[in-house]
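# Architecture and fold: a report
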Amino acid sequence: MKINFIRYEKETGNAYYDVVTSIIEPIAAHLKPHTYIISPGYLDDKKYLNVRFFNEPSKEINSAKTVFIPHGIADKGNRDAKKVRGLKAVFVSGPAWKRKLTRQGLDPGIIRVNGWPKLDPLFNRPVKRQTAGKIRILFAPTHTRSKVTIFHKMDDILKQFDSSYEVVVSPHPFDWQRIYKNEVIPTYLQLPKVDAVITEHSSIFYEAWSLGIPVIFPDWLVRDKLLGYLAGDSFTRKVYERSLGYHVKSAEELLEKVQHAVTAGVDDNVREFMEGIFPAKLRGRSGLVTARHLLKLCKEEI
């Protein structure tokens with residue numbers, strides 16, 4: 001049986017083509033060419049184990065032949081137990097995820113902890129951050145289809161920074177294409193170049209933390225809205241309730257908080273939290289672990 005990585009064609013305008021590619025490549029690096037293919041869709045053939053990166057219900061999909069590797073590391077409900085029941089396997093980045101899905105009633109036997117392959121290149125080929133005399137900040141909002149995003153408040157936030165800062169703006173892939181009408185520049189590739197990140201509830205803050213980069217949350221713009229709709233067992237909700245990272249209560253204190261974040265870095269509370277989300281032992285070797293899981297699943301009778 002071969003692995004079929006489902007990746008929609010770039011020509012169709014799919015904003016996530018590069019995102020999915022960045023997940024597939026670190027896995028494929030540990031697979032022999034004859035063990036996998038990359039195709040634009042589900043293959044209903046006993047020869048293939050289908051790997052999808054979006055949890056979109058479809059009558060055409062035979063769940064027993066399908067595994068789910070989420071296209072993001074953030075907790076946005078797309079891998080909760082009620083949405084992944086019946087799949088051959090669901091992949092999660094850390095043990096906290098497995099505990100959560102098990103509490104929700106999912107069979108722990110179908111849960112595979114694999115880390116986050118997308119970041120393997122950053123862990124294995126680290127780049128020293130260079131500020132060139134300026135503090136470099138990555139402004140990385142989630143997409144504009146979200147109920148809560150700081151994208152629309154970009155000007156209000158950026159005007160707080162003076163010439164001693166360099167702010168790199170990196171919208172979500174969906175907005176690169178819809179608004180900017182150009183090629184997607186993967187946000188995670190900006191991480192080795194910056195000293196801190198400003199975001200609200202996208203995957204980027206988990207990625208930044210795993211790389212030891214501090215994150216600033218503009219609570220005055222989003223906290224109440226987020227807590228109003230995030231599920232009680234959401235990991236992102238816990239980040240806001242426990243004030244993990246650097247949470248800013250007003251625009252006036254933003255620069256002070258940024259300076260403190262850059263100086264103090266990621267603290268022990270965040271490091272402990274991230275051990276459950278994406279443990280250190282999987283950082284840089286997630287592609288290998290995922291490849292081994294997939295090969296083992298291919299050998300199991302379907």
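Residues numbered from 1 in each chain as written. Predicted model: local features only at pLDDT ≥ 70, side-chain atom pairs only at ≥ 80, totals over all residues. Heavy atoms only, no water.

## Focus on the packing of aromatic side chains
Where two aromatic rings form a pair, the distance of their centres and the angle of their planes describe that pair. Per the counting criterion, the structure on display carries 13 aromatic pairs. With centroids separated by 4.2 Å and ring planes inclined at 25°, the aromatic side chains of Phe 205 and Tyr 206 adopt a geometry described as stacked. Each member of the pair, Phe 205 as well as Tyr 206, carries the same accessibility label: buried. Note on Phe 205 and Trp 209: the rings are 5.2 Å apart at their centroids and 70° apart in plane angle, and the pair reads as edge-to-face. With Phe 205 and Trp 209 both in helix 7 (residues 203-210) and 4 residues apart, this pair spans about one turn of that helix. Residue classification places Trp 209 among the buried residues on the basis of a relative accessible area of 4%. (Phe/Tyr/Trp six-rings, centres within 6.5 Å; stacked < 30°, edge-to-face > 60°. Buried < 20%, exposed > 50% of the residue type's maximum accessible area, 1.4 Å probe, protein only. Helix = DSSP H or I, 4+ residues; strand = E, 2+ residues; numbered from the N terminus.)

## Points about the side chain of Asp 75
Within the secondary structure, Asp 75 sits in the loop between strand 4 (66-68) and helix 2 (81-84). At a separation of 2.7 Å, a polar atom in the side chain of Asp 75 contacts the side chain of Lys 100. For Asp 75, the side chain forms a polar contact with the main-chain nitrogen of Phe 235, separated by 2.7 Å. (Polar contact = N/O pair within 3.5 Å; in protein donor to acceptor, adjacent residues only side chain to side chain.)

## Considerations on the sheet that holds strand 8 (residues 165-169)
One open sheet holds the 5 strands; their spatial order is 8-7-9-10-11, and the pairing between them is parallel. Pairing within the sheet leaves two strands with one partner each, and these edge strands are strand 8 and strand 11 (246-247). Relative to strand 10 (residues 215-217), strand 9 (residues 196-198) runs parallel, the two being bridged by 2 bridges. Within strand 10, the position partnered with Ile 198 by the bridge is Ile 216. (Pairing = 2+ DSSP bridges.)

## Side note on the side chain of Ser 203
Inspection of the secondary structure puts Ser 203 in helix 7. One polar contact links the side chain of Ser 203 to the main-chain amide nitrogen of Ile 73, over a distance of 3.0 Å.

## Overview of the pairing of strand 7 (residues 135-139)
Counting buried positions along strand 7 yields 5 of 5 residues, so the element is predominantly enclosed. In terms of strand pairing, strand 7 meets strand 8 through 5 bridges, oriented parallel. Note on strand 8: the bridge partner recorded for Ile 137 is Val 167. The pairing of strand 7 with strand 9 spans 3 bridges and is classified as parallel. Among the inter-strand pairings, Ile 137 is bridged to a residue of strand 9, identified as Ala 196.

## Structural notes on the sheet that holds strand 1 (residues 2-6)
Pairing is parallel in the open sheet, where 6 strands are placed in the order 2-1-3-4-5-6. The open sheet is flanked by strand 2 (36-39) and strand 6 (111-113), the only strands paired with a single partner. Sheet twist, expressed as the average angle between the axes of neighbouring strands with direction ignored, equals 25°. Pairing of strand 5 (residues 89-92) with strand 6 involves 3 bridges; the strand directions are parallel. If you follow Phe 91 over to strand 6, its bridge partner there is Arg 112. (Axes fitted to C-alpha atoms, helices over the stretch in contact; angles between N-to-C directions.)

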